[in-house]
Amino acid sequence: MRSKGIFQGRRNECGEKHGRHGGLAFGRGMRGGRGADFGPGWEGGEARGRGHGHGRRGGGRLFDHGTLRWVLLSLIADKPSHGYELIKAVETRLGGAYSPSPGVIYPSLTLLEEMGALVSEAQGGKKRYAITEAGRAMLAENEDVLKAAEATMDKFAARALRPTAIQDAIGRLRHTLHGRLTGEIALTDAQVEAIAAVLAEAADRIEKT
């Protein structure tokens with residue numbers, strides 16, 4: 001079961017109370033030292049550094065505001081979970097490249113509970129969340145949004161799992177090209193043709209490998 005924003009109006013009631021934590025973002029808060037350039041049409045940009053983050057520093061948003069709640073609700077529909085388990089589930093879903101902070105997860109869970117989509121019970125000092133029938137109905141009505149989020153996560157995870165040696169080589173190539181193209185002295189026509197020929201040859205060899 002999946003989800004679309006039928007509760008956009010309710011966000012005005014509850015969303016302000018919990019801040020703008022309904023969306024999951026990436027930037028310098030991304031795990032892994034490798035850049036991830038997803039190109040045009042992707043809801044993001046480059047990500048470098050380690051740790052946990054949810055702002056727009058150095059990158060774009062992985063999910064629009066509110067989409068994360070449907071991802072969490074879907075995970076809970078599959079298995080009642082604690083907040084930490086959901087953090088790890090999102091991290092796993094994204095190939096280990098990003099781990100959302102508690103400051104992103106828990107406000108979303110609180111909002112879902114206030115909306116009647118979840119119920120919680122205390123277990124050993126932690127809250128265990130389970131979906132309600134109303135929550136299942138919300139997922140069904142928001143199926144398109146959740147499908148889009150899952151496609152985004154699949155694409156992101158595939159990039160995150162790219163072999164390190166290839167990722168590093170791509171990063172070096174990007175850095176080198178940027179340096180040559182933005183240098184103080186403009187490239188001559190001969191240099192442009194030589195660089196283009198090297199790139200074309202590399203592409204041909206990769207296709208044949």
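Preceding block: the structure.
Summarised in this report is the structure supplied together with it. Please read all numbers here as calculations on a predicted model, not as lab measurements.

Cut-offs applied
Residues numbered from 1 in each chain as written. Predicted model: local features only at pLDDT ≥ 70, side-chain atom pairs only at ≥ 80, totals over all residues. Heavy atoms only, no water. Axes fitted to C-alpha atoms, helices over the stretch in contact; angles between N-to-C directions. Helix = DSSP H or I, 4+ residues; strand = E, 2+ residues; numbered from the N terminus. Parallel < 35°, antiparallel > 145°, perpendicular 65-115°, else oblique. Contact = heavy atoms within 4.5 Å. Nonpolar A, V, L, I, M, F, W, Y, C, P; charged D, E, K, R; others polar. Salt bridge = Lys/Arg side-chain N within 4 Å of Asp/Glu carboxyl O. Buried < 20%, exposed > 50% of the residue type's maximum accessible area, 1.4 Å probe, protein only.

### Notes on the packing of helix H7 (residues 164-181) against helix H8 (residues 189-208)
Packed helix pairs are specified by the crossing angle of their axes together with the interaxial distance, meaning the distance between the axes. Two numbers describe how H7 lies on H8: the axes approach to 13 Å, and their chain directions differ by 170 degrees. If you check the angle between H7 and H8, you find them roughly antiparallel. Contacts from Leu173, Leu177 and Arg180 of H7 reach H8 at Gln191, Ile195 and Leu199. Here the residues of the contact of H7 with H8 are counted per class, giving 4 nonpolar, 1 polar and 1 charged.

### Structural notes on the pattern of salt bridges
Summed over all chains, the structure comprises 5 salt bridges. With a closest N to O distance of 2.9 Å, Lys88 and Glu91 form a salt bridge. Remark: Glu91 and Lys88 occur in helix H3 (residues 83-93); sequence separation between them is 3 residues, near one turn of the helix. Ionic pairing is found between Arg93 and Asp154, a salt bridge with its closest N-O pair at 2.6 Å. Taken together, the residues Arg93 in helix H3 and Asp154 in helix H6 (residues 143-160) connect sequence positions 61 residues apart. What makes Arg93 partly exposed here is its relative accessible area of 29%.

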